[in-house]
Amino acid sequence: MTNDPTPGACNLVIFGIAGDLARRKLLAALYHLDLENLLHPDTRILGLARSEMNDDDLRNMVMNSLVQFIGGDLNQETLRRLMRRMSYRSLEFKNTAHFKGLQEWFKDSNYRSIFYFATPAAVYADICAGLSHAGLIRSDSQVIMEKPIGDSLKSSKLVNDLVGSRFSEEQIYRIDHYLGKETVLNLLVLRFANSLFTSNWDYTCIDHIQITVAESVGLEHRWNFYDKAGQLRDMVQNHLLQILCLLAMEPPADLSPDSIRTEKLKVLKALRPITKENLGKNVVRGQYVDGFVKGAPVPAYINEEGANPRSTTETYVAIKAEIDNWRWSGVPFYLRTGKRLAMKHSEINIHFKAQPHNIFRNSFPDLPPNMLTIRLQPDEGIELQMMNKVPGITEIGQITRNHLDLSFSESYNSSRIVDAYERLLLEAMQQNQSWFVRRDEVEQAWIWIDDIIRAWERSGVRPDPYPAGSWGPTSAIALIARDGRHWDE
Ligand SMILES: NC(=O)c1ccc[n+]([C@@H]2O[C@H](COP(=O)([O-])OP(=O)(O)OC[C@H]3O[C@@H](n4cnc5c(N)ncnc54)[C@H](OP(=O)(O)O)[C@@H]3O)[C@@H](O)[C@H]2O)c1
């Protein structure tokens, strides 16, 4: 780990350069890093995919992607620099012998390699075998792996074993791009750099916590991939559980990868298992039927392009998660996430406990407790709802609910919030694993998720319908209402 923001030179090899992730996220991230002078002048980038292209075709593809996903106002000097770094080779990842053809590219430079697997997980093992066969893996090589790492504990172990047979855990960087988001990283600062929250962050002061990750989009031509996964595997196993860990973990000794990841692992181990017996009270599955999103009609999940009309995959899930440890005794974490909801909106709400005695009861009988909101998107920021006296010559009892609002874009006068992939690529180049997921975290998260899936299978639970453009099934309202609470909307 180094404090120098500009990482040393490396050979970045992107497997799957022609794919959606690379075009939408990785190329834009590399452009911005180069713009900020955060790529070493000697860093080279090799793109690999099946498509037949030469270096010029690749540069055209890169240019088109940057214009599409960043806009036309690109810095010409940065573009020239970025293009000079890039080359392309067509490669069938399943053909081990083909990898020998890469040796020539590596001969030109002795810098360490970072292999970015922006491909379906099904070819990770082939890529590892090919790299090994061609003698391209060194003790200082790194590998960045995209989610999902398997679709169960068993399959994730298989992927981890296969990659682990070629790379040590210190060489493996498992991406959960939520860990690169400004507001998610800020959770650590909020909790551990503010004594106000350090001392109030437990069952004595917090009533409950809500984590919402709502998307208004549907499947965007990913129906086949998504239908095998569903919202629980696609969003909860990784993103929502990582947020939960950062909210719930004990203070790590420092920011080193193992300090942070060991504390997150303890939270995952303390999650109360969800079984067939407590499933009905703790989990809701939903699937959208036709409705309207932003005024436009949209079809039901089972009528989307390429859909199987009998699919019972969930597109929505709400969970009451409980953590069996001292700090969080009796404090539920309500998680909900879904597709085709009313709007794209992700936030964390920390509901503090009510005052034990209300001295303002004559004018304000229902004194609302404080709530801290962390907005993940849109308009990243932090908001603290608190009670305030109405200014003026009013009685002291004239009070109102108001909020302290810290919008990142306004407060820091920044027109651009750094994208998660930009930060994570930089962290990987700096060889800092703190914001990447360790093997035992991934597998522990699968243990909890597998229990839920098994309970669904055993009880034959089918998803509850909800209209596209709504906030989910009514059963999700009932899940939290049973505890005398309601979702924040
Ligand atoms: N897209 C996202 O927003 C997103 C978000 C989170 C995680 N991820 C993960 O990121 C990974 C990539 O996703 P994606 O959406 O970019 O996938 P994608 O659009 O299907 O692209 C896959 C890329 O891998 C290449 N490829 C696949 N199999 C190959 C083979 N046998 N030999 C050579 N090249 C091969 C493809 O090459 P050709 O183009 O030449 O066929 C393509 O460039 C997946 O693991 C996914 O789960 C994606």
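See the structure above.
A short tour of the structure in this document, coming up. (Residues numbered from 1 in each chain as written. Predicted model: local features only at pLDDT ≥ 70, side-chain atom pairs only at ≥ 80, totals over all residues. Heavy atoms only, no water.)

## Side note on the site of the ligand
- Near the ligand there are 20 residues, and of these Asp20, Leu21, Arg24, Ser51 and Thr119 occur at the shortest range.
- Take serine 51: an N or O atom from its side chain is 2.6 Å from an oxygen atom of the ligand.
- Here glutamate 92 contributes a side-chain N or O atom positioned 2.8 Å from a nitrogen atom of the ligand.
- The fraction of the free accessible surface of the ligand (900 Å²) that becomes covered by protein chains is 78%.
- Per element, the largest residue contribution to the shell around the ligand is three residues, and it comes from helix H1 (residues 20-35).
- The residue makeup of the shell around the ligand, split by class, is ten nonpolar, four polar and six charged. (Near = heavy atom within 4 Å. Polar contact = N/O pair within 3.5 Å; in protein donor to acceptor, adjacent residues only side chain to side chain. Areas by Shrake-Rupley, 256 points an atom, 1.4 Å probe, with all protein chains shown as cover. Helix = DSSP H or I, 4+ residues; strand = E, 2+ residues; numbered from the N terminus. Nonpolar A, V, L, I, M, F, W, Y, C, P; charged D, E, K, R; others polar.)

## Topic: the packing of aromatic side chains
- Inspection of the entire model under this criterion finds 17 aromatic pairs.
- Each ring, one from phenylalanine 15 and one from phenylalanine 93, has its centre 5.3 Å from the other, and the planes form 75°; the classification is edge-to-face. A residue pair is termed long-range when its members are at least 10 positions apart, and phenylalanine 15 in strand S1 (residues 10-15) and phenylalanine 93 in the loop between strand S3 (86-90) and helix H4 (103-107) qualify at 78 residues.
- When its relative accessible area of 0% is taken as the criterion, phenylalanine 15 is described as buried.
- Taking the centre distance of 5.7 Å and the plane angle of 85° together, the rings of phenylalanine 15 and phenylalanine 117 count as edge-to-face. With phenylalanine 15 in strand S1 and phenylalanine 117 in strand S4 (residues 112-117), the pair connects residues that are 102 residues apart, well separated along the chain. Here the two residues phenylalanine 15 and phenylalanine 117 agree in accessibility, since each one is buried.
- One residue, arginine 44, lies across the ring of tryptophan 105, its end atom 3.9 Å from the ring centre. (Phe/Tyr/Trp six-rings, centres within 6.5 Å; stacked < 30°, edge-to-face > 60°. Buried < 20%, exposed > 50% of the residue type's maximum accessible area, 1.4 Å probe, protein only. Lys NZ or Arg CZ within 6 Å of the ring centre and 35° of its normal.)

## Description of helix H2 (residues 55-69)
- Helix length check: H2 (15 residues) gives 21 Å between terminal C-alpha atoms against 21 Å at 1.5 Å per residue, within 8%.
- Residues of H2 that are buried in the fold lie against H1, helix H3 (76-85) and S3.
- For H2, the N-terminal capping position is held by asparagine 54, with its side-chain oxygen 3.0 Å away from the main-chain nitrogen of aspartate 56. (Expected span 1.5 Å × (residues − 1). Contact = heavy atoms within 4.5 Å.)

## Observations regarding unusual backbone geometry
- Cis geometry is found at the peptide bond from lysine 147 to proline 148, where omega equals 0°.
- Residue glutamine 377 is joined to proline 378 through a cis peptide bond whose omega torsion reads -5°.
- Mapped onto the secondary structure, proline 378 falls in the loop between strand S14 (371-377) and strand S15 (381-389).
- If you check the backbone angles, arginine 340 has positive phi at about 50° while not being a glycine.

## Some words on the side chain of threonine 315
- If you trace the backbone, threonine 315 turns up in the loop between strand S10 (296-298) and strand S11 (316-321).
- Given a relative accessible area of 0%, threonine 315 falls into the buried group.
- One polar contact links the side chain of threonine 315 to the main-chain amide nitrogen of tyrosine 288, over a distance of 3.1 Å.
- Excluding anything up to four places from it in sequence, threonine 315 contacts Tyr226, Gln231, Gly286, Gln287, Tyr288, Tyr301, Thr337, Gly338, Lys339 and Tyr466.

## Some words on the pairing of S11
- Of all six residues in S11, six are buried; the element is thus mostly enclosed.
- Burial of S11 is two-sided: the residues Tyr316, Ala318 and Lys320 facing one way and the residues Val317, Ile319 and Ala321 facing the other way are all buried.
- Here S11 runs beside strand S12 (residues 333-338); their pairing, made up of six bridges, is antiparallel. The residue of S12 that forms the bridge with isoleucine 319 is leucine 335. (Pairing = 2+ DSSP bridges.)

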